Amino acid sequence: MTDPSPSLATPYRTHTCGALRAADAGSTARLSGWVHRRRDHGQLIFLDLRDRYGLTQVVFDGVDAPDAHAAASRVRGEFVVTVAGSVARRLPGTENARLATGEIELQATGLEILSESKTPPFYINEPDAPIDEALRLRYRYLDIRREPMQRRLLLRSRLVQAIREVHHANGFVEVETPNLIKSTPEGARDFIVPSRLQPGSVYALPQSPQQLKQLLMVAGIDRYFQIARCFRDEDLRGDRQLEFTQLDLEMSFVDEPTVMAFVEAMAIEVSRAVVPGRRLQAVPFPRLTFDAAIERYGSDKPDVRFAMELVDIAPVLRDAAGEPASGFRVFDDALAAGGRVKAIAAPGLGRATRREIDELTEMAKRFGAKGLAHLAVEESGGVAGPIVKFLGEDRAEQIVAATGANPGDLVLIVADAADVTNDVLGRLRVALGARLGLADLATLAYAWVHRFPIYKWDPENGRWDATHNPFSGVVPEDEALLTTASGDLGKPAPGDPAGRAKALQYDLVLNGWELGGGSIRIWRRELLERSFALQGYSAERMKRLFGALLEAFDYGPPPHGGIAIGIDRWSALLTDQDNIREVTAFPKTQSGSDLMLEAPSKPEPGQWAELGLRFVGVAEPKA
Ligand code: ASP
């Protein structure tokens with residue numbers, strides 16, 4: 001037998017539509033599937049029969065099998081049929097090398113139509129046909145019948161399988177945690193579910209299982225993982241859905257290097273198992289501090305597949321006394337105000353037209369810059385651009401040298417406050433990297449970013465906000481910084497030492513996307529309370545929101561830490577998609593709608609009363 005999956009045989013089929021080979025010639029077979037394509041040549045009718053496993057050509061001969069031929073003439077695209085016949089080698093010259101079954105065909109003796117189909121709203125048999133996405137989502141079950149969607153969902157399934165295998169092999173226990181819980185803040189808005197049994201009360205859907213996995217560590221599970229569904233009520237983007245899936249894990253008796261080492265080894269093993277053909281750019285993964293990532297790439301999720309790093313050109317703009325003295329006011333003013341002047345060298349863009357440069361300037365402005373300066377490096381090595389007359393040729397050449405630009409390159413310069421300069425150049429770098437094809441699309445460039453500041457100042461609420469997870473630990477040498485300038489934790493202020501403390505937080509980055517993030521947790525109650533106080537939680541609110549965890553920390557919590565990795569994002573990156581909808585079976589649109597099920601929808605009249613609910617400002621349907 002050549003059928004690689006004999007267990008797939010059922011009363012409807014001896015083989016799948018992808019199984020028959022030349023060695024099966026001469027035997028009989030039964031296949032069932034969808035009619036992918038039908039070609040009627042009069043006496044001969046050809047059907048390509050499709051299922052998840054492949055395509056097989058079936059031929060109906062009006063002379064040899066008149067009944068089957070007559071039945072086949074009634075068949076249309078996407079009908080479901082079952083066909084019996086004998087396997088025959090195709091005539092020499094008519095084989096199809098692109099099909100695994102291309103050496104044979106099934107010569108039908110009988111056909112039965114199992115179900116009919118209307119003409120689908122789009123082509124299912126043309127993988128590259130452009131189809132309006134709203135139509136795809138409305139008829140998602142037909143969209144998933146298409147080969148590209150099948151391929152992506154299969155890869156996603158394989159990804160989750162590989163993840164499970166590696167975790168089980170490393171002593172992890174898969175534990176399910178509930179979806180009806182109490183708020184676990186991850187910085188987004190909660191979805192809430194009204195309780196029928198306790199009218200007036202609500203559950204929150206988990207933004208992540210964060211508190212529960214930490215409680216599992218207190219419970220002695222030691223190594224936990226889960227393929228966890230998370231819910232965050234925030235605006236949708238290419239890499240964000242209202243509900244999404246995370247590989248969530250937590251480990252006890254670990255420090256930062258232990259967690260990073262496991263996650264890195266896991267990511268390598270999983271990548272090699274799921275996409276063996278793709279090159280890993282660097283093993284071990286590069287580790288960048290947050291400061292270095294921002295300094296070099298202008299982003300805390302750098303795409304390290306290509307260089308084009310940000311270069312600080314301030315040293316060549318200052319005089320011997322260290323004063324800004326470039327002769328170009330925009331640069332000098334930015335430095336005098338404590339800002340930064342940095343540059344990137346775009347390879348091969350030296351001959352950009354006026355219009356192209358205007359476009360780049362517009363882009364920089366959209367990203368938040370006041371302007372964009374440029375120097376073109378001519379093939380002769382000379383430097384050109386409107387700012388050369390202010391800088392002088394020598395200094396212009398020094399700038400070019402500092403950036404490492406080559407003849408034919410274009411140096412782009414931003415002068416602004418430090419965060420604006422880094423952010424704008426970082427985004428220009430990504431946009432130009434894509435436009436110039438600098439990133440090798442087949443490469444997987446994983447990288448770690450860590451040593452984030454633990455808090456950022458929240459001016460609106462006058463408090464320190466956790467940059468990642470409110471439970472993240474602090475690097476031991478910065479523990480003393482978790483305080484305010486006044487010493488009163490209830491009165492945080494922007495200049496507090498807390499603003500300088502670094503977190504035991506690490507993000508895993510892949511090809512410029514944040515794939516996941518985690519931390520070693522604060523596992524001592526006193527320190528956790530201190531951190532929560534800086535984050536603006538009163539003792540009462542702390543108890544209300546995190547009471548269980550704080551109390552559990554009175555009963556012997558082990559040191560612990562973990563991470564969560566986005567399965568949707570990982571699947572998208574492994575299948576070269578830039579939108580996670582393409583790897584999600586039933587995603588929601590930008591406005592949060594399920595176009596197929598028509599959700600969200602109005603509650604049934606009885607549900608309102610049962611839950612003790614009334615929507616204010618929304619008309620209630622008549623009961
Ligand atoms: N719970 C965090 C998140 O969902 C991840 C973690 O710190 O483990 O982002």
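Right above here is the structure, for reference.
Residues numbered from 1 in each chain as written. Predicted model: local features only at pLDDT ≥ 70, side-chain atom pairs only at ≥ 80, totals over all residues. Heavy atoms only, no water.

Description of the pattern of salt bridges
Our working rule: A carboxyl oxygen of Asp or Glu within 4 Å of a side-chain nitrogen of Lys or Arg is what we treat as a salt bridge. Counting from the N terminus, the helices are DSSP H or I runs at least four residues long and the strands are E runs at least two residues long. Three labels apply to residues, based on accessible area from a 1.4 Å probe with only protein chains included: buried if under 20% of the type maximum, exposed if over 50%, partly exposed otherwise in between.
Inspection of every chain in the model, using the stated rule, returns 42 salt bridges. With a closest N to O distance of 2.8 Å, Glu-78 and Arg-50 form a salt bridge. Here Glu-78 is found in the loop between α1 (66-73) and β4 (80-89), whereas its partner Arg-50 is found in strand β2 (residues 44-51), with 28 residues between them in sequence. Accessibility classification places Glu-78 together with Arg-50 in one group, the buried group.

Some remarks on the packing of helix α4 (residues 147-169) against helix α6 (residues 256-274)
The relative placement of two packed helices comes down to the angle between their axes together with the axis-to-axis distance. The following threshold applies: Only the stretch in contact is used when fitting a helix axis, every axis being a line fitted to C-alpha atoms; angles between N-to-C directions are given from 0 to 180 degrees. The labels follow the angle: roughly parallel below 35 degrees, roughly antiparallel above 145, roughly perpendicular from 65 to 115, and oblique for the rest. Crossing handedness is defined as follows: a turn of the near helix away from the far one that is anticlockwise and smaller than a right angle gives a left-handed crossing, while the clockwise case is right-handed. Whether two residues touch is decided by their heavy atoms; if any such pair falls within 4.5 Å, the residues are in contact.
It is the contact of α4 with α6, at a shortest axis distance of 9 Å, that shows an interaxial angle of 140°. In terms of orientation, α4 lies oblique with respect to α6. At the point where α4 passes α6, the crossing takes the right-handed sense. In this structure, α4 contributes Leu-155, Arg-158, Leu-159, Ala-162, Ile-163, Val-166 and His-167 to the contact, and α6 contributes Phe-262, Met-266, Glu-269, Val-270, Ala-273 and Val-274.

Examining the pairing of strand β18 (residues 455-458)
Note on strand geometry: in a regular strand, side chains alternate between the two faces of the sheet. Quick note on the threshold: For two strands to count as paired, DSSP must find a minimum of two bridges between them.
Strand direction decides the pairing type here: β18 and strand β19 (residues 463-466), joined by 4 bridges, are antiparallel. When the sheet's bridge partners are listed, Trp-457 is paired in β19 with Trp-464. Here β18 hands over to β19 after 4 residues, with Gly-462 in that stretch at a positive phi of 55°.

Let's talk about the sheet that holds strand β5 (residues 104-115)
Strand pairs in the sheet, formed through backbone hydrogen bonds, run parallel or antiparallel to each other. Read around the barrel, 5 strands follow the order β1-β2-β3-β5-β4 and close on themselves; strand pairing throughout is mixed. Across the sheet, the mean angle separating the axes of adjacent strands is 55° when strand polarity is ignored. Pairing of strand β1 (residues 28-41) with β4 involves 7 bridges; the strand directions are antiparallel. Within the sheet, the bridge partner assigned to Ala-29 lies in β4 and is Gly-85.

Brief notes about the sheet that holds strand β14 (residues 373-377)
Reading across the sheet, the 5 strands line up as β12-β13-β16-β14-β15 and stay open at both edges, with antiparallel pairing between neighbours. Every interior strand has two partners, whereas the edge strands, β12 (311-312) and β15 (383-384), have only one. Pairing between β12 and strand β13 (residues 340-346): 2 bridges, direction antiparallel. When the bridges of β13 are listed, Asp-312 appears paired with Lys-342.

Here's the deal with helix α7 (residues 290-297)
Using the following cut-off: Picture the helix axis, draw a direction to every C-beta atom, and the arc is the one those directions span.
Those residues of α7 that sit buried are Phe-290, Ala-293 and Tyr-297. Along α7, the residues classed as buried sweep out an arc of 70° about the axis, all on the same side. Those residues of α7 that are buried are in contact with β11 (287-289), α12 (418-435) and β17 (446-450). Gly-298 occupies a position one or two residues after α7 and carries a positive phi of about 65°.

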